[in-house]
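Descriptive structure summary
Here is how the chains run, residue by residue.
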Amino acid sequence: MHKKYKFKGKAFVTYVALSFLFVCVFIVIIYFGLNHTIRKYTNIINTVAIKESKNDRKVKFDNAQKKMTSIPSYGSKYGTIKIDKINLDLPLYYGDNEEILSYGIGHYAGSYFPGEGGSVILAGHNDPGYFEKILELGNNDKIVLDLNYGKFDYQIYETRIVSENDLSAFPIQDNEERLILYTCYPLGVGHKTERFVVYAHRVGETDA
Amino acid sequence: MRRIKIFTVLCLVLSVVIGVSSVKAMSESQLLEKLTATYDINGYKFQLSDGDRVLAKRYLDLYEVSSAHADYIAGEIDSAIKDMRDSGIKDFSDFSKLPSSLKEKLKQHVLNVAANTSIKATVKNGKVIVFNPDGTVFAEIGKLVKNTGSNLNIIATVALLVTAVGTVLIVRNVKANA
């Protein structure tokens, strides 16, 4: 006959506590340590169109006309976004589908390019290492877009939390160069119905 | 007799030439107007989003579309609007909720344009993908605000499964050592 095991009170508590600790440690390791790596390699397997490190199209900007004469192909990297205050330095891709956003920051193709004098809309996941820390940004903080065709400096003038359906928070206009960054709010896993939005004006006369 | 024949043929050719040239060919700017116009479809005001307008304008700025192709695209737009009107549907705000027969018809218009003009496009997973002339992707047409929540659902699930297995192993060891 099988001898039936009986949990003794102290042992039970110990092993439940150990299991709980094990779960927590594992999740923390995955979340903070391997998040970027796992995501990167998972996406390399699924990648169809993304070219992570090179852009096979020449990106050209007409300074006189203030418009692009040749644009990057959708899904290709064409620069970096840098925000010193939160130690952020991430690749910037043209396009913002799910696959692109797993690599870095995505530029909504229906918005304007930096230098064209309109709204530039950039999206990023709210994960550590991505746009998680833009929640710490405030007025007058600086953002730099270092692109294939020039360097563009912006200064934040407003941050807001908006509903994901509030398209008025993401105006597409060509009257004024405005950089709009957004990420899901609040932080955490799962679908979020709000967005944390950062608005910045272009400052200085950085060459394009 | 021979002269008459030649004369007849000449008249015929001339009438065709005159006829063709009298048809007003659509220019790129007219095509842009057509693309960005607001259409009343069964009471629903239908128009491209601001972002899609930027994309349409950008494409026409960067690449040349011949008048013949512009005419063809305009014809497909008219046919698509007719299909939408004929469907009797009054809300086109969500493409995924349209009947599959209408979705197929609209998809076919995109494919017709791709097959018969210099604009190359396809429909994949309900999204229209437009290509640059060199074959690289110009843009995926999609909604403006994306889901940028932590996309670690799968990783979290795997982590939980692994830890569940770990927990079972611990409990088994406890039993074995008891």
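Given the structure is predicted, the values throughout are model-derived calculations rather than measurements.

Thresholds, definitions, all that
Residues numbered from 1 in each chain as written. Chains lettered and ligands numbered in written order. Predicted model: local features only at pLDDT ≥ 70, side-chain atom pairs only at ≥ 80, totals over all residues. Heavy atoms only, no water. Pairing = 2+ DSSP bridges. Helix = DSSP H or I, 4+ residues; strand = E, 2+ residues; numbered from the N terminus. Axes fitted to C-alpha atoms, helices over the stretch in contact; angles between N-to-C directions. Salt bridge = Lys/Arg side-chain N within 4 Å of Asp/Glu carboxyl O. Buried < 20%, exposed > 50% of the residue type's maximum accessible area, 1.4 Å probe, protein only. Phe/Tyr/Trp six-rings, centres within 6.5 Å; stacked < 30°, edge-to-face > 60°. pLDDT = per-residue confidence, 0-100. Contact = heavy atoms within 4.5 Å. Patch = residues over 30% accessible without salt bridge, like charges linked within 9 Å, V, L, I, M, F, W, Y side chains within 5 Å. Areas by Shrake-Rupley, 256 points an atom, 1.4 Å probe, with all protein chains shown as cover.

**As for the sheet that holds strand β5 (residues 137-141) of chain B**
Residues and elements named next belong to chain B. Read from one edge of the open sheet, three strands run β3-β4-β5, paired in antiparallel fashion. Each edge of the open sheet is held by one strand with a lone partner, namely β3 (120-124) and β5. Adjacent strand axes in the sheet meet at a mean angle of 20 degrees when their direction is disregarded. Two strands pair when backbone bridges link them, and β3 and strand β4 (residues 127-131) are joined in this way by five bridges, in the antiparallel orientation. Paired with K120 across the two strands is F131, which belongs to β4.

**Thoughts on the pattern of salt bridges**
All names here are of chain B. Scanning the entire structure with this criterion turns up 13 salt bridges over all chains. A salt bridge links D78 to K34; the shortest N-O distance between them is 2.7 Å. Remark: K34 occurs in helix α2 (residues 28-36) and D78 occurs in helix α4 (residues 67-87); sequence separation between them is 44 residues. Assessed through its relative accessible area of 39%, D78 is described here as partly exposed.

**Overview of the sheet that holds strand β4 (residues 88-94) of chain A**
Residues and elements named next belong to chain A. The sheet built from eight strands closes into a barrel, its strands ordered β3-β4-β5-β6-β9-β10-β8-β7 with mixed pairing. Strand-to-strand twist across the sheet, computed as the mean angle between neighbouring axes with direction ignored, equals 30 degrees. Across two bridges, strand β5 (residues 105-107) lies against strand β6 (residues 119-123) in antiparallel orientation. Within β6, the residue paired with H107 across the bridge is L122.

**Topic: the packing of aromatic side chains**
The relative placement of two aromatic rings is captured by the distance of their centres and the angle of their planes. Within this structure, the stated rule accounts for 16 aromatic pairs over all chains. Both rings, one in F46 of chain B and one in F92 of chain B, keep their centres 6.4 Å apart while their planes meet at 85 degrees; by these two values the pair is edge-to-face. Taken together, the residues F46 of chain B in strand β2 (residues 44-46) and F92 of chain B in the loop between α4 and α5 (100-116) connect sequence positions 46 residues apart. The buried category is assigned to F92 of chain B, whose relative accessible area is 7%. Considering the side-chain rings of Y59 of chain B and Y63 of chain B, the 5.0 Å spacing of their centres and the 65 degrees angle between planes classify their relative orientation as edge-to-face. The buried category is assigned to Y63 of chain B, whose relative accessible area is 16%. Aromatic ring contacts, followed pair by pair, group Y74, Y78, Y94 and F113 of chain A into a single cluster.

**So, the confidence of the model for chain B**
Residues and elements named next belong to chain B. The share of residues in chain B with pLDDT of 70 or more is 70%, and the mean pLDDT across the chain is 77. Least confident of the elements in chain B is helix α1 (residues 2-22), whose mean pLDDT is 46; most confident is helix α3 (residues 50-62), at 91. Low confidence marks residues 14-23, where pLDDT is under 50. Its contacts with residues over four positions away, or in another chain, come to zero contacts.

**Quick notes on a nonpolar patch on the surface**
Taken together, the side chains of F12, V13 and V16 of chain A make up a nonpolar region of the molecular surface, amounting to roughly 260 Å² of accessible area. Among the structural elements, V13 of chain A can be located in helix α1 (residues 9-46).

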